[in-house]
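Secondary and tertiary structure notes
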Amino acid sequence: MKTIAILGFGNVGQNLAKLFNDAGYRVIVCSKSGDAGKGEYLSMNYLEGINAADAVALAVPYQVLTELLAPLAKHLAGKTVIDCTNPLNDDWSPLLLGQETSAAEQIGKLLPDAKVIKAFNTIFADVMPKKHHDREGKKITAFVAGDDLSAKNNILALAKNIGFAPLDVGPLSAARYLEAMAHLNIQIAVGQQGGTQAAFIYHQGN
């Protein structure tokens, strides 16, 4: 996996683009106009970027994904799709999808021939830059879930290469737990005014 297309160039997309680029991956920033990220990275429209990439990272709001991905589904067949999203309302409150599904699983239904992997959704954009990775000697945990073992291993390696501590949490259905963790993170940061400099560290003792 050498080329990663990032759909969206908000805070998450910008930080992931820098991390991927600094780790030696070829980054394509994708937008409707094809102009986002121009001057810093390769810039293309969604279709061009997807066709040129080995993997695609979703860094746009979950609520727009159905409209965005439906016409692109056949072009994503066989590709690894990294779902970095969380199901949120406009006010950052949880968008409840039910106990037996998740945003990642819904994306999997939209893209039945893609290899959907959940990753990076529990990491605030504010702590994605490298300077925030060291948390008193431990790295921020990047939880990764997915059903395709080869694709998941590639994303675990990607997470390690960009400076996180990757952890395989099982099948794509485990995204239900990861999205709930993100909701908790937001509740502490926003609802309790704890701030967005926090990060999850999963420490497995001997």
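Here, every reference points to the structure presented above.
Remember, predicted model here, so these are calculated numbers, not experimental data. (Residues numbered from 1 in each chain as written. Predicted model: local features only at pLDDT ≥ 70, side-chain atom pairs only at ≥ 80, totals over all residues. Heavy atoms only, no water.)

1. Some thoughts on the sheet that holds strand 4 (residues 55–58)
- Taken together, the 8 strands give an open sheet; going across it, the order is 3-2-1-4-5-6-9-10, and neighbouring strands pair in mixed fashion. A strand with exactly one partner marks an edge of an open sheet, and here the two such strands are strand 3 (42–45) and strand 10 (165–168). Averaged over all pairs of adjacent strands, the angle between strand axes in this sheet comes to 25°, irrespective of strand direction.
- With 4 bridges connecting them, strand 2 (residues 26–31) and strand 3 associate as parallel partners. Bridge pairing in strand 3 places Ile 28 opposite Leu 42. (Pairing = 2+ DSSP bridges. Helix = DSSP H or I, 4+ residues; strand = E, 2+ residues; numbered from the N terminus. Axes fitted to C-alpha atoms, helices over the stretch in contact; angles between N-to-C directions.)

2. Quick notes on the pattern of salt bridges
- As enumerated under the stated definition, the model contains 6 salt bridges in all.
- Ionic pairing is found between Asp 35 and Lys 38, a salt bridge with its closest N-O pair at 3.0 Å.
- The partly exposed category is assigned to Asp 35, whose relative accessible area is 44%.
- Through salt bridges with shared partners, one network takes in Asp 83, Lys 118 and Glu 179. (Salt bridge = Lys/Arg side-chain N within 4 Å of Asp/Glu carboxyl O. Buried < 20%, exposed > 50% of the residue type's maximum accessible area, 1.4 Å probe, protein only.)

3. A closer look at helix 6 (residues 175–191)
- Spanning 17 residues, helix 6 covers 22 Å between terminal C-alpha atoms, matching the ideal 24 Å at 1.5 Å per step.
- Among the residues of helix 6, those classed as buried are Ala 175, Leu 178, Glu 179, Ala 182, His 183, Asn 185, Ile 186 and Ala 189. Burial along helix 6 is one-sided: seen end-on, the buried residues are contained in an arc of 160°.
- Of the surrounding elements, those touching the buried residues of helix 6 are strand 5 (80–83), helix 4 (103–110), strand 6 (115–119) and strand 9 (141–146).
- In the stretch just after helix 6, Gln 193 is the one whose phi turns positive, near 60°. (Expected span 1.5 Å × (residues − 1). Arc of directions from axis to C-beta. Contact = heavy atoms within 4.5 Å.)

4. Description of the pairing of strand 2
- Extensive coverage of strand 2 is indicated by the burial of 5 of its 6 residues.
- Examined bridge by bridge, strand 1 (residues 3–7) and strand 2 share 5 bridges and lie parallel to one another. The residue of strand 2 that forms the bridge with Thr 3 is Arg 26.
- Taken together, strand 1, helix 1 (residues 11–22) and strand 2 constitute a β-α-β crossover, and its handedness is right-handed. (Right-handed = clockwise from strand over helix to strand, strands pointing away.)

5. Remarks on the environment of Gly 146
- Within the element layout of this structure, Gly 146 appears in strand 9.
- Along the primary structure Gly 146 and Glu 105 are separated by 41 residues, whereas in three dimensions their C-alpha atoms are 9.6 Å apart.
- If we skip the residues at most four places from it in the chain, Gly 146 touches Val 116, Ile 117, Lys 152, Gly 170, Pro 171 and Leu 172.

6. So, the nonpolar core
- Of all hydrophobic cores here, the largest spans 34 residues; its most connected members are Ile 6, Phe 20, Ile 82, Phe 120, Ile 123, Leu 158 and Phe 164.
- Only strand 1, helix 1, strand 2, strand 6, strand 9, helix 5 (149–161) and helix 6 provide two or more residues apiece to this core.
- Looking at this core, the element that brings in the most residues is helix 5, giving 5 residues.
- What Phe 120 contacts, discounting residues up to four positions off in sequence, is Leu 16, Phe 20, Ile 82, Cys 84, Met 128, Ala 142, Phe 143, Leu 158, Ala 159, Ile 162 and Phe 164.
- One finds Val 60, Leu 76, Ala 103 and Leu 172 within the second-largest nonpolar core, a separate group that totals 27 residues. (Core = buried A, V, L, I, M, F, W, Y, C linked by side-chain atoms within 4.5 Å.)

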